[in-house]
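Coordinate inspection notes
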Amino acid sequence: MRKLFFATAAVALLLSACKQQPAPLSPAEALILRLDSLQHGPIMYGHQDDPFYGVSWQWEKDRSDTYELVGDYPAVMGFDLGGLEEHHCKNLDSVPFSWIREEAIRHAERGGIITFSWHPRNPRTGGNAWDVTDSTVVRNILENGEQYELFQGWLADVAAFLKTLTFDDGSPVPFIFRPWHEYNGSWFWWGQKLCSDEEYIALWKLTRDYINNELPGSVVWSCSPNLQGGWTEEALLARWPEGVDIVGEDCYQWGTEEDFVRQATDDIRFLSAFARERGMLFAITECGMQNSPVADWWSRVFLPCTEGSNALYFLPWRNWHVDHFGVAKETTTAEDFKALAESDAIRMLNDIQ
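These numbers come from a predicted model, not from an experiment.

**Considerations on the overall build of the protein**
Scanning the protein from N- to C-terminus turns up 11 helices and nine strands. Its C-alpha atoms give the protein a radius of gyration of 22 Å, near enough to 20 Å, the size a compact globule of 353 residues would have. Over its C-alpha atoms, taken along the principal directions, the protein stretches across nearly 85 × 55 × 45 Å. In the protein, which comprises 353 residues, the share counted as buried stands at 54%. Taking contacts inside the protein between residues at least 6 apart in sequence as the whole, the part at least 24 apart equals 74%. Surface accessibility of the protein: about 15,400 Å² in total, with carbon and sulfur atoms responsible for 52%. Taken as two groups, the 28 positive and 52 negative side-chain charges of the protein have centres that lie 6 Å from each other.

**What to know about the packing of aromatic side chains**
On inspection of all chains with the given rule, the structure shows 33 aromatic pairs. With 5.7 Å between their ring centres and 55 degrees between their planes, Phe52 and Phe79 make a pair best called tilted. Of the two residues, Phe52 sits in the loop between β1 (43–48) and α3 (65–70) while Phe79 sits in strand β2 (residues 76–80), which places them 27 residues apart along the sequence. Per residue, the accessibility class of Phe52 equals that of Phe79, and both read buried.

**Side note on the nonpolar core**
Formed by 86 residues in total, the largest nonpolar core has its most connected members in Phe116 and Phe314. Examining the composition of this core, we find that eight residues originate from one element, helix α6 (residues 148–162), more than from any other. Setting aside its immediate chain neighbours within four residues, Phe314 contacts Ile43, Met44, Tyr45, Gly46, Ile284, Cys287, Trp298, Phe302, Leu303, Phe337 and Ile346.

**Details of helix α2 (residues 27–38)**
Taking 1.5 Å of rise per residue, 12 residues should cover 16 Å, and α2 covers 16 Å from first to last C-alpha, within 8% of that figure. Here α2 has its buried residues at Ala28, Leu31, Leu35 and Leu38. The buried residues of α2 occupy one face: seen down the axis, they fall within an arc of 80 degrees.

**What about the packing of α6 against helix α7 (residues 197–214)?**
Between two packed helices, both the angle of their axes relative to each other and the distance between the axes serve to describe the pair. Between α6 and α7, whose axes approach to 10 Å, the crossing angle comes to 45 degrees. With respect to α7, the element α6 is oriented oblique. Considering only the axes of α6 and α7, their crossing is right-handed. Contact residues: Tyr148, Phe151, Gln152, Leu155, Ala156, Val158, Ala159 and Leu162 in α6; Leu203, Leu206, Thr207, Tyr210, Ile211 and Glu214 in α7. When grouped by side-chain class, the residues that make up the contact of α6 with α7 number 11 nonpolar, two polar and one charged.

**Quick word on the pattern of salt bridges**
All told, the structure shown has 23 salt bridges when counted by the stated rule. The salt bridge partner of Glu277 is Arg278, with a shortest N-O separation of 3.5 Å. With a closest N to O distance of 2.9 Å, Asp296 and Arg300 form a salt bridge. Its relative accessible area of 41% is what places Arg300 among the partly exposed residues.

**Notes on the pairing of strand β5 (residues 219–223)**
A large share of β5 lies buried, amounting to five of its five residues. Burial along β5 is two-sided: Val219, Trp221 and Cys223 facing one way and Val220 and Ser222 facing the other are all buried. In this view, the connection linking strand β4 (residues 175–179) to its parallel neighbour β5 by way of α7 has right-handed handedness. Direction of pairing for β5 relative to strand β6 (residues 246–253): parallel, over a ladder of two bridges. Within β6, the position partnered with Ser222 by the bridge is Ile246.

**A closer look at the state of the cysteines**
On inspection of all chains with the given rule, the structure shows zero disulfides. We note that Cys223 lacks a disulfide partner, and the nearest cysteine sulfur, in Cys195, lies 12 Å from it. By relative accessible area, Cys223 is classed as buried at 0%. You can see Cys251 has no disulfide; the closest cysteine sulfur is in Cys305, sitting 6.8 Å from it.

**Some remarks on a nonpolar patch on the surface**
A cluster of nonpolar side chains, Leu92, Trp130 and Trp187, forms an exposed patch at the surface whose accessible area comes to about 290 Å². Inspection of the secondary structure assignment puts Leu92 in the loop between β2 and α4 (97–110).

**Focus on the environment of Ser117**
Assignment of secondary structure puts Ser117 in strand β3 (residues 113–118). Classification of Ser117 by relative accessible area gives buried; the value is 2%. Sequence separation between Ser117 and Gln48 is 69 residues, and the spatial gap between their C-alpha atoms is 9.7 Å. Setting aside anything within four residues of it in sequence, one finds Ser117 in contact with Gln48, Phe79, Asp80, Leu81, Arg178 and Trp317. A polar contact is formed between the side chain of Ser117 and the side chain of Asp80, at a distance of 2.5 Å.

**Here's the deal with the pairing of β2**
Side-chain direction in a regular strand flips from residue to residue, so the side chains alternate between the two faces of the sheet. Taken across its five residues, β2 has five buried, putting it largely inside the fold. Where β1 and β2 come together, three bridges link them in parallel fashion. Bridging across to β2, Gly46 finds its partner in Val76. One crossover worth recording links β1 to the parallel β2 by way of α3, and it is right-handed. Direction of pairing for β2 relative to β3: parallel, over a ladder of five bridges.

The rules behind these values
Residues numbered from 1 in each chain as written. Predicted model: local features only at pLDDT ≥ 70, side-chain atom pairs only at ≥ 80, totals over all residues. Heavy atoms only, no water. Helix = DSSP H or I, 4+ residues; strand = E, 2+ residues; numbered from the N terminus. Rg over C-alpha atoms; globule rule 2.2 N^0.38 Å. Buried < 20%, exposed > 50% of the residue type's maximum accessible area, 1.4 Å probe, protein only. Contact = heavy atoms within 4.5 Å. Areas by Shrake-Rupley, 256 points an atom, 1.4 Å probe, with all protein chains shown as cover. Lys, Arg positive; Asp, Glu negative; His and termini not counted. Charge placed at Lys NZ, Arg CZ, Asp CG, Glu CD. Phe/Tyr/Trp six-rings, centres within 6.5 Å; stacked < 30°, edge-to-face > 60°. Core = buried A, V, L, I, M, F, W, Y, C linked by side-chain atoms within 4.5 Å. Expected span 1.5 Å × (residues − 1). Arc of directions from axis to C-beta. Axes fitted to C-alpha atoms, helices over the stretch in contact; angles between N-to-C directions. Parallel < 35°, antiparallel > 145°, perpendicular 65-115°, else oblique. Left-handed = near helix turned anticlockwise from the far one by under 90°. Nonpolar A, V, L, I, M, F, W, Y, C, P; charged D, E, K, R; others polar. Salt bridge = Lys/Arg side-chain N within 4 Å of Asp/Glu carboxyl O. Right-handed = clockwise from strand over helix to strand, strands pointing away. Pairing = 2+ DSSP bridges. Disulfide = S-S within 2.5 Å. Patch = residues over 30% accessible without salt bridge, like charges linked within 9 Å, V, L, I, M, F, W, Y side chains within 5 Å. Polar contact = N/O pair within 3.5 Å; in protein donor to acceptor, adjacent residues only side chain to side chain.

The structure is reproduced here in structure tokens:
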């Protein structure tokens, strides 16, 4: 009888201990937890294609405009997957995918954060992502559409590449995936006037379900409309997909400074509140002013628009010569950005390790 009692008690203790042990976090869950902790500090700096080329150089290993200006890497690095869908060895910006893999893993090993965009070609016309000559593309890559099987193959190619992102021990590198961005504009074949709200949401679901099935627990999902100004909840929810972890905003100044500040401030305030109320994070997923003509644009114009938003990061686009958007020692904004990096206003890689 005593043996039965002790055996029963041991089983009860074991079951109790098992109940108290939390399930291990997936890589994506761990990244979300980390991002959640980071959103309460200064905004992180990100940069697209940072290690591949700069304002005055191209395709040189171990170079970075960011590092050469401030002595540190971006906290967040962005890369694009456009071209995988056609089995190209280089992406749409001529970066070899083998190099993207190498630098993405390298940055993750440093303690940095990785984000991927995807500008796939038009599956109906064969044109690029900006080919908007056919308004039936999205409906035709959904189930029962003429290009459905083709698009399934494209998703398989993207998933196959993403599976190669692993650390030395074989564990997957977690990353942010941001497909079908700037959907409230109409310059991409998935844009506002090129498909219905229902079709866009279905495209997002198709993509998310496929990638999540192939890479369970590795992907943090970001959805990023373009700068609009005057967002309402009704307008945003009409085209908003499920399963989003990070609400983004692509936020460039194309017009006057006054218009930009008004629109960016309104959008950032609205979208950050939208994210917070629904348990999502918020980031400025693309930004900049082409050719950086205003010396103090980052400190005087852009950053004040983000105050109070708990934005995770801002990511200027790539430094393809001086007519693009990032920071470098050759640009007008160099000293302004360097002062920000040396202050507590923004966080670079060393600040989040």
